[in-house]
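# Results of the structural survey
The chain contents come next:
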Amino acid sequence: MHASDAASAAGQRDVLPVVAPQLRALRRRASLTLEAAARTAGLSAAHLSRLETGQRQPSLPVLLALARIYGTTVSELLGETVADRDAVVRAGDMEPTAAGGWTYWQAGASGRGMQALRVHVPHGSQGDIVRVHPGEEWLYVLKGRLRLRLGDTAHRLGPGDSAHFDSLTPHRIAAEDVDGVELLFVHTLLQSPTATLCLGPITGDMP
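Residues numbered from 1 in each chain as written. Predicted model: local features only at pLDDT ≥ 70, side-chain atom pairs only at ≥ 80, totals over all residues. Heavy atoms only, no water.

### What to know about the overall build of the protein
A count of helices and strands for the protein gives five helices and ten strands. The 207 residues of the protein split such that 44% are buried. In the protein, of all internal contacts separated by at least 6 residues, the share reaching a separation of at least 24 is 70%. (Helix = DSSP H or I, 4+ residues; strand = E, 2+ residues; numbered from the N terminus. Buried < 20%, exposed > 50% of the residue type's maximum accessible area, 1.4 Å probe, protein only. Contact = heavy atoms within 4.5 Å.)

In C-alpha cells form, the structure reads like this:
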C-alpha cells in the first residue's frame, strides 16, 4: 500500500466512529425513514443501515448526497463543529478529510444556504453519487482535467474552466488524469429535506 493510500485509509477510519451516529441522528431529525432516505439517495436500505452502524465507510459522493437530502452539510454529517460563523476561512484552518478515496477541505462556514468545498477527485468514474436532485451546483477546475456530463452532453474541462448548472439536470463527473482533479465545488442545500426530489442514479459509462 502506498503512503498516500495508507493516510487516506487512516483518515477514513478516524471518520467512522463519529459519522455513523450522526447519519442516523440527522436522518431522524429530517423525519425520514431508513427506507425513504435510502431510496432518495439511490442506495439500498441495507447499505444505508451499514453506514449508520459503522459497518461500511461512506464515500464523499454519498456524504454529499445525504447532506442534500437532510438539508445539512458534510461537516455536520461528520460531527465537525465551527465555533463562530466567520466570513473568512483561513488556509491553515482547512483540515483535509478523506472519504471513499475522495479528499475535501471545507471552504466555507456551516449553517449557510450553500456549501463550499475544495475537492480532490481520484482518477476514474464516480460510482454512487446521487446525480439528479434539486438545487444548483458550481464547480471550478483548479488542477487536472475533468469530464463532466450534463444530460446527454459531455464536456471536458481544464484548469480555469468552470460550470454552473441546475442539479435537476442529470450529471456525472470523472477525473481524466491519473493524479486526479482538484476542484472548487459549491452546491445549494435543501431547506426542506422531506420535499426532496431524486430521479435516481444514472447508469452507463462516461463517453
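### Focus: the packing of aromatic side chains
Under the criterion given, the structure shown has one aromatic pair. A ring pair is formed by Trp138 and Tyr140, whose centres lie 6.1 Å apart and whose planes are at 20°; its orientation type is stacked. Trp138 sits in the partly exposed class, given a relative accessible area of 29%. Over the face of the ring belonging to Trp105 we find Arg118, whose NZ or CZ atom lies 4.0 Å from the ring centre. (Phe/Tyr/Trp six-rings, centres within 6.5 Å; stacked < 30°, edge-to-face > 60°. Lys NZ or Arg CZ within 6 Å of the ring centre and 35° of its normal.)

### Observations regarding the environment of Leu64
Looking at the element boundaries, Leu64 is found in helix H4 (residues 60-70). Sequence separation between Leu64 and Val74 is ten residues, and the spatial gap between their C-alpha atoms is 6.2 Å.

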